[in-house]
Amino acid sequence: MLVELQNAELAFGADALLDRASLVIERGRRVCIVGRNGCGKSTLLSVLNGTIRLDDGVRRQADGIRISLLGQEANIEFEGTAFDLADEQGENPIQTSKLLDRLSVPGDKPYGELSGGLKRRAELAGVMGSSPDLLLLDEPTNHLDPETIEWLEKWLQKPELSLVFISHDRRFINNIATDVIELDRGHLHHYKGNFERFIELRDKRLEAEERQRAQFEKYLAEEEAWIRTGIKARRTRNQGRVRRLESLREEKRGLRNRQGVAKIEVEKISKSGKSVLEVKQLCFAYDSNPIIENLDLNIMRGDRLGVMGANGSGKTTLIDLLVGKLQPVSGTIKTGSQLEIAVFDQHREKLNEKLSALDNVSDGREYISTPKGDRHIISYLQDFLFTPEQARGPITRFSGGERARLLLAKLFSRPFNFLILDEPTNDLDIETLELLEDVLSEFSGTVIIISHDREFLDNVTTSLLYFSGNAEVEEFFGGYDEYLRVKKARKKQKNTTSDKQPSTQVKAQPKPKKLSYKLQRELDTLPAVIERFENDIEGMHTKMAGAEFYNQTADVIADTATALEELEAGLLVAFSRWEELEKLR
């Protein structure tokens, strides 16, 4: 045992964050804490660390152990360099330097001048280098690119390391957790296994809980009906039964309902033009330092484009170029017709700290237009899990997840057909994250998503732009797993080629004409494009073959037929281009 809680009680308001909760953290376990935004996960980490005292109950820790905590917020008061901050906790300056380099943190730069993401990574390097007996991490994957997340996963799987962490990254949880603990309405539910196992067992628990709640409500209703019977029943009333009813009423008052799931709906708007963005030979640089070079990109209506790559490689810069906040050094960006653009900002800069949640979203409106009609702003915010008191109150105490939800409420309060999301998954709880995936998958407009969440990209995107960090941008058709497949295939091919050494010297033969890097890249991706077209066309034919298809309106049938024609035309273009490049090769 490293740390233990027994009958822990803690409250910062009307509802208890911990309600007679017990927990034991064993040596060598990697425990993930999950739960809804605002349920107290970060507070629980601070309790385990010993920095927040319980109202009641017992906290014990093993003698002589060292605990290191990466909190949710960066240290804003530290004076010194990034290296100074990380080395303050680290045991070995050389190891600290290596960790900072691997996390792409400039160690010699003053900590106060770093961005929020770099500050977090500097602090992560510090706790990783402190050689703790127990490591506590609050959302460690925020601000990390996928390659760094994969490196961190391997680092955290050291057999001698004990870990408790909070994360919304389902793939990260699945890859490293040995246990999952759900904090739900003040109680801790412990599940052995990874995230997939947790979901399976949690759903069974909730089903059983729902059955028990229904039985309790039925029994209480029967007892309430009994107490309301006539004069004769009152005279002969069983006093023990009366006292039992009072006990049931008290139990009913103490029950806490599980927090619901946010409701996100997109108001329908007229379609944009078929071509949304056409980018040709786009180049951009900061102080002669090239960020993007010769980028060609065609974004069509209905595309869901993921954007990923190392921090600082140019992802947000590309978005700023596409929406006109920055101007290219050279190249052109042609915008399609009838675009209504909405942007989700990763820095939450569109939230005004001086305004209430209601005023941040309403912009002076009393009613919000939704697919189901006009909704009062308070009712609309309740769909995003904000109570009337929260809606009217200040947002200064909102958690990161609550701020993300509020920004989503603001974003979806107006119609759009082109959505740009810059790191939308940071701080969202898993239930809201999965809901957002469903909404984006069903959205008929166009989406560009910058994200480091590999599961999210796989579930939502139809193609992926990867920024390598050397001003090159490459497009892959499919999500993150397709990117990994291509990357591994290239590495294998490269290793196979390098292993082949000529046994004897022969007369050099004329080399066949080699395609340029850009054309070869295009040729490599075309088979996947063709397969996607074929699958989509097959699915469309299956859909149109059903009898119920023709029970729809004429407009829906016509739109489907038009979509099929566009797919078939796209397939012909892709085939023609593949044949052309094969001949050139």
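Residues numbered from 1 in each chain as written. Predicted model: local features only at pLDDT ≥ 70, side-chain atom pairs only at ≥ 80, totals over all residues. Heavy atoms only, no water.

Q: Could you clarify how one ought to interpret the overall build of the protein chain in this entry?
A: Helix and strand content of the protein chain: 19 helices and 20 strands. A buried classification covers 46% of the 585 residues belonging to the protein chain. Across the protein chain, contacts joining residues at least 24 apart in sequence account for 68% of those joining residues at least 6 apart. Put simply, the protein chain shows about 30,600 Å² of open surface, and 49% of that area lies on carbon and sulfur atoms. (Helix = DSSP H or I, 4+ residues; strand = E, 2+ residues; numbered from the N terminus. Buried < 20%, exposed > 50% of the residue type's maximum accessible area, 1.4 Å probe, protein only. Contact = heavy atoms within 4.5 Å. Areas by Shrake-Rupley, 256 points an atom, 1.4 Å probe, with all protein chains shown as cover.)

Q: Can you walk me through the sheet that holds strand 8 (residues 179-184) in this structure?
A: Backbone-to-backbone hydrogen bonds join strands into a sheet, with any given pair of strands oriented parallel or antiparallel. The 6 strands lie next to each other as 5-6-7-3-8-9, forming an open sheet whose pairing is mixed. In this open sheet, the two edge strands, each paired with only one partner strand, are strand 5 (67-70) and strand 9 (187-192). Shown here is a sheet whose adjacent strand axes are inclined to one another by a mean of 15°, direction ignored. Pairing analysis gives 4 bridges linking strand 3 (residues 30-34) to strand 8, with the strands arranged parallel. (Pairing = 2+ DSSP bridges. Axes fitted to C-alpha atoms, helices over the stretch in contact; angles between N-to-C directions.)

Q: Whenever I open this one, the sheet that holds strand 14 (residues 341-344) confuses me. Can you help?
A: Across the sheet, 6 strands lie side by side as 14-17-18-12-19-20; this open sheet has mixed pairing. Edge positions in the sheet fall to strand 14 and strand 20 (473-477), since each has one partner strand and no second. Taken pair by pair, the neighbouring strands of this sheet meet at an average axis angle of 15°, ignoring direction. Sheet topology note: the strand 19 (residues 463-467)/strand 20 ladder contains 5 bridges and is antiparallel. Its bridge partner lying in strand 20, L465 is registered against E475. In this fold helix 10 (residues 315-322) packs onto strand 12 (304-309), strand 17 (418-422), strand 18 (446-450) and strand 19, with an angle of close to 150° to the strand it touches most, strand 18. Against the sheet, helix 14 (residues 400-411) contacts strand 14 and strand 17, and its axis sits at roughly 175° relative to strand 14.

Q: What should I look at first to understand helix 14 in this one?
A: Given 3.6 residues to a turn, an α-helix orients residues that are three or four positions apart in the same direction. Given a rise of 1.5 Å per residue, 12 residues ought to cover 16 Å, and the 16 Å separating the end C-alpha atoms of helix 14 matches this to within 8%. Counting buried positions along helix 14 gives 12 out of 12 residues, so the element sits mostly inside the fold. The complete set of buried residues in helix 14 reads G400, G401, E402, R403, A404, R405, L406, L407, L408, A409, K410 and L411. Packing partners of the buried residues in helix 14 comprise strand 14, helix 11 (357-362), helix 12 (377-382), helix 13 (388-392), strand 17 and helix 15 (430-442). (Expected span 1.5 Å × (residues − 1).)

Q: Sorry, what's going on with the environment of S463 here?
A: Topologically, S463 is positioned in strand 19. Separated by 160 residues in sequence, S463 and D303 place their C-alpha atoms 7.9 Å apart. The residues contacting S463, other than those within four sequence positions of it, are R304, L305, G306, E475, F476, F477, G478 and R532.

Q: Explain the packing of aromatic side chains to me, please; I cannot follow it from the model alone.
A: Two measures describe an aromatic ring pair: the distance that separates the ring centres and the angle between the ring planes. What the rule picks out here adds up to 12 aromatic pairs. Their ring planes at 85° and their centres at 5.8 Å tell us that F78 and Y111 sit as a pair that is edge-to-face. Here F78, found in the loop between strand 5 and helix 2 (82-89), pairs with Y111, found in the loop between helix 3 (93-102) and helix 4 (116-128); they are 33 residues apart in sequence, far enough to count as distant. By the burial criterion, F78 is buried, and Y111 matches it. Seen from their ring centres, Y380 and F384 are 5.2 Å apart, and the 55° between their planes marks the pair as tilted. Residue class for Y380 comes out buried when judged on its relative accessible area of 4%. Overall, the relative accessible area of 2% leaves F384 in the buried class. What links up through ring pairs into an aromatic cluster is the set Y466, F476, Y480 and Y483. R405 extends its terminal NZ or CZ atom over the ring of F386, reaching a point 5.0 Å from the ring centre. (Phe/Tyr/Trp six-rings, centres within 6.5 Å; stacked < 30°, edge-to-face > 60°. Lys NZ or Arg CZ within 6 Å of the ring centre and 35° of its normal.)

Q: Looking at this model, I keep getting lost on the pairing of strand 12. Mind explaining?
A: Two faces make up the sheet, and in a regular strand the side chains alternate between them. Among the 6 residues of strand 12, 6 are classified as buried, and the element is accordingly described as predominantly covered. Where burial is concerned, the two faces of strand 12 agree: the one with R304, G306 and M308 and the one with L305, V307 and G309 are both buried. Sheet analysis places strand 12 next to strand 18, joined by 4 bridges and oriented parallel. Residue L305 lies in a different strand from strand 18, and its bridge partner there is I448. Here strand 12 pairs with strand 19 via 5 bridges, running parallel. What sits directly across from G309, in strand 19, is F467.

Q: Can you walk me through the packing of helix 2 against helix 3 in this structure?
A: Packing of helix 2 against helix 3 leaves a shortest axis separation of 9 Å and a crossing angle of 125°. Viewed along their axes, helix 2 and helix 3 adopt a mutual orientation that is oblique. Read as a crossing pair, helix 2 and helix 3 show a hand that is right-handed. Where helix 2 approaches helix 3, its residues A82, F83, A86 and D87 are matched on the opposing element by P93, T96, S97 and L100. (Parallel < 35°, antiparallel > 145°, perpendicular 65-115°, else oblique. Left-handed = near helix turned anticlockwise from the far one by under 90°.)

Q: Got a minute to help me understand the confidence of the model for the protein chain in this structure?
A: The predicted coordinates of low-pLDDT regions are not to be read in fine detail. The predicted model of the protein chain has a mean per-residue pLDDT of 83, with 89% of residues at 70 or higher. Contacts from residues 503-513, a stretch scored under 50 in pLDDT, to residues over four places away or in other chains number 2 contacts. (pLDDT = per-residue confidence, 0-100.)

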